[in-house]
Every structure is written in C-alpha cells, then in structure tokens.
Amino acid sequence: MLSMPLDLVQTIANVCDRVSAACAAGARDPQDVRLLLATKTQPADLVRRAVAAAQGLDLRTTGRGARVLVGENRVQELTAKAPDLADLRLEAHLIGPLQSNKVNHALRALALHGSACVESVDSWELARRLSDRAVAGATASPLDVFLQVNVSGEPTKSGVSPQAASDLAVAVGGLAGLRLRGFMTIGANSADRGLVRAGFDTLREVRDTVVSSGAVGTSDAVELSMGMSRDLEEAVLAGATIVRVGTAVFGTRPPLG
Ligand SMILES: *Cc1c(COP(=O)(O)O)cnc(C)c1O
C-alpha cells in the first residue's frame, strides 16, 4: 500500500468524531473533553500544522476556541521544540517520565509555552523537587501537576499504585509550589476492552476519593488524562477530560530510539 500524504484536518476530525460519539454514548458534553496532541518524534513544523488544524476545527465545531494541548514525552524533545512553538502560547504538558536531574531543563522549556503542566508526577521526591523549583521562581508558581497512576499494574509502566495514589495526592496537594490538577494514566495493554475500561474507572475513583477528601490543595484535582489512539472511547466513557492522541493524528511514528 502506498502511504498517503498526511491530511491533518481529516485525521484530527476523525479523532474528534470518535470523541463526540463516545460522549454521546456516555451522555457527556464533548466540551468537557480536551484533545492533547502527543507529539513525540514529530518535528515542530508538523506540530504547528496540527495545532492549526485542530484549532480551526475547534472553532468551527464549538465556537469556543482553542481546547487543544500539546504533550511531549521526553525532556530533550520538549527542549528542542519549545522555542519553535513558543509564539503559539500553547498549553504544554510533559507526559513522559521525569528524572530528577532533568527537572530544571524541563521547567525551563515548559516556561516558554503559554502554560504548562507536568502530568508524570509519580513520587513524593519528584513532587517536592518540582515544588522547590517552582517556589524558587523556575516556573509559574504554583506549577500545575497531575499524579500518574499505574492502574493496570503492568511493571513496564510508570506511576504510583492506585492504593498509594490518594495519600500521595493529599501530600502533593499540600506543597506550596504545586497545584494538583488531576490524574493521568496509560491504559492496560490488552485487547480486553472491559479490562481497559476497568483501569480507567479506577483512575476516576481515585480522583473522586481525593477531591471529596476535602484535604488542602485537592479541590482542583478534577482532571482525568486518559485514553490514547487505541482506547480513547473507553477513557471517555470512564470520564476522561483529556485524551492524549498521537498515532491517530500523525500516523505511525518511527520507534523511539
Ligand atoms: C505516545 C503517547 C500517547 C499517544 O499514544 P498513541 O497511541 O500514539 O495515540 C499518549 N500518552 C503517552 C504518555 C504517550 O507516550
């Protein structure tokens, strides 16, 4: 089969249609689900075109303007592309693992964007380090963060266990430099749709427990970042407020080296 030129308006419209259909099936308002473009391995000029396509569609379909975010997995890629995208004033999220020795690089690059969030907070140590840097002025303070939760228990996946998530969330909520905005997970790597859905339901239950705890700094932790190209329907049905989509927008990418 010949590979066809990438029609970003079409691929993004298809993703939006999938989100809308899932919202209809789940009696949800499509306005409550934002699209995060997972841009790993994609060059900045392609990201720019995708953002323009998504924003154009968004304006046509909702009249409300930009609900599209960008997400990078790797600090190195985030750092390389941020200067080329800074003028777009995007909301940029780090969605991949963050090592302590990369925190400063990550925050510097994120600060070039319109607004920023680290979705991959999965330990007290990382949270404290981010908070300290935010307080010290390395970024907008407080810095928006999500807790990454490993709902499937697969050992290859990052994230705190669902059992430990509530306590960590309450602790993170108390850090002066951070604003806990929600929770992130990567769905189970399984063809069993029910299993995938159950994992997403677990993330929603964690969020509900934390938000209803009344603990300091938890009342804004309402976002659920879950669902990718292969499982966004299950995620939307389970309550996703952000779906993170790469392949279904950009096509298959070269393997990460
Ligand atoms: C790559 C990636 C995505 C998007 O995955 P696709 O299958 O390409 O849609 C979402 N979230 C994270 C954390 C990713 O690394």
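Just so we're clear, the structure is a prediction, and the values are computed from it rather than from any experiment.

## Focus: the site of the ligand
- Taken together, Ala38, Lys40, Asn73, Ile95, Ile186, Met228, Ser229, Arg244, Val245, Gly246, Thr247 and Arg253 make up the full set of residues adjacent to the ligand.
- Contacts to the ligand include Ser229, whose side-chain N or O atom sits 2.5 Å from an oxygen atom.
- Separating a nitrogen atom of the ligand from a side-chain N or O atom of Arg244 is a distance of 2.9 Å.
- With the chains in place, 90% of the 390 Å² that the ligand exposes on its own is no longer accessible.
- For the ligand, the cavity whose grid points lie within 2 Å of the majority of its atoms is the largest pocket.
- Broken down by class, the residue content of the shell around the ligand amounts to five nonpolar, four polar and three charged.

## Brief notes about the pairing of strand β6 (residues 178-184)
- Across the seven residues of β6, six count as buried, placing the element largely inside the fold.
- Note that strand β5 (residues 143-148) and β6 share six bridges and pair parallel. Paired with Val145 across the two strands is Leu180, which belongs to β6.
- Running through helix α6 (residues 162-173), the crossover from β5 to the neighbouring parallel element β6 is right-handed.

## A look at empty space enclosed by the protein
- Per the counting criterion, the structure on display carries one cavity of 30 Å³ or more.
- Along its surface, the largest cavity is lined by Thr39, Val47, Val70, Glu72, Leu78, Lys81, Ala82, Leu85, Ala92, His93 and His113.
- Those elements giving two or more residues to the lining of the largest cavity turn out to be β2 (68-72), α3 (75-85) and β3 (91-94).
- A per-element tally of the lining of the largest cavity places α3 first, with four residues.
- Partitioned by chemical class, the residues of the lining of the largest cavity number six nonpolar, three polar and two charged.

## Quick notes on the nonpolar core
- Among the nonpolar cores identified, the biggest contains 72 residues, and Ile12, Leu98, Val118, Leu130, Val145, Phe183 and Val243 are the most heavily contacted of them.
- At eight residues, helix α2 (residues 44-62) tops the list of elements feeding residues into this core.
- Other than its neighbours up to four places away in sequence, Ile12 contacts Leu35, Ala50, Ala53, Ala54, Leu57 and Val249.

## Observations regarding the packing of α6 against helix α7 (residues 193-211)
- The contact between α6 and α7 brings their axes to 10 Å, and the two run at 30°. With respect to each other, α6 and α7 are oriented roughly parallel. By crossing handedness, the relation of α6 to α7 is classed as right-handed. Side by side, α6 and α7 meet where Pro162, Ala165, Ser166 and Ala169 of the first sit next to Thr202, Val206, Thr209 and Val210 of the second.
- Residues belonging to the contact of α6 with α7 are distributed by class as follows: five nonpolar, three polar and no charged.

## A word on the pairing of β5
- Of all six residues that make up β5, six are buried, and the element is covered over most of its length.
- Along β5, one buried face is formed by Leu143, Val145 and Leu147 and the opposite face, lined by Asp144, Phe146 and Gln148, is buried too.
- Here strand β4 (residues 115-121) runs beside β5; their pairing, made up of three bridges, is parallel. Each bridged residue has a counterpart across the sheet, and for Val118 the counterpart in β5 is Val145.

## Section: the UniProt feature "modified residue: N6-(pyridoxal phosphate)lysine" (unreviewed entry) in the protein chain
- Listed under "modified residue: N6-(pyridoxal phosphate)lysine" (unreviewed entry) in the UniProt record, and renumbered for this structure, are Lys40.
- Looking at the element boundaries, Lys40 is found in the loop between β1 (34-38) and α2.
- Here Lys40 falls in the buried class, since its relative accessible area comes to 14%.

## What about the pattern of salt bridges?
- Scanning the entire structure with this criterion turns up 16 salt bridges.
- Linking Glu223 and Arg34 is a salt bridge whose minimum nitrogen-to-oxygen distance equals 3.4 Å. Of this pair, Glu223 sits in strand β7 (residues 223-225) while Arg34 sits in strand β1, placing them 189 residues apart in sequence.
- Salt bridges linked by common partners bring Arg34, Glu91, Asp144, Arg179, Arg181, Asp220 and Glu223 together as one network.

The rules behind these values
Residues numbered from 1 in each chain as written. Predicted model: local features only at pLDDT ≥ 70, side-chain atom pairs only at ≥ 80, totals over all residues. Heavy atoms only, no water. Near = heavy atom within 4 Å. Polar contact = N/O pair within 3.5 Å; in protein donor to acceptor, adjacent residues only side chain to side chain. Areas by Shrake-Rupley, 256 points an atom, 1.4 Å probe, with all protein chains shown as cover. 1 Å grid on protein atoms, 1.4 Å probe; cavity = no way out; pocket = protein on both sides within 12 Å on 5 of 7 lines; lining within 4 Å. Sits in = over half its atoms within 2 Å of the grid points. Nonpolar A, V, L, I, M, F, W, Y, C, P; charged D, E, K, R; others polar. Buried < 20%, exposed > 50% of the residue type's maximum accessible area, 1.4 Å probe, protein only. Helix = DSSP H or I, 4+ residues; strand = E, 2+ residues; numbered from the N terminus. Pairing = 2+ DSSP bridges. Right-handed = clockwise from strand over helix to strand, strands pointing away. Points joined across faces, edges and corners; volume = space filled by probe spheres on them. Core = buried A, V, L, I, M, F, W, Y, C linked by side-chain atoms within 4.5 Å. Contact = heavy atoms within 4.5 Å. Axes fitted to C-alpha atoms, helices over the stretch in contact; angles between N-to-C directions. Parallel < 35°, antiparallel > 145°, perpendicular 65-115°, else oblique. Left-handed = near helix turned anticlockwise from the far one by under 90°. UniProt positions renumbered as here; feature names shortened; annotations may be inferred. Salt bridge = Lys/Arg side-chain N within 4 Å of Asp/Glu carboxyl O.

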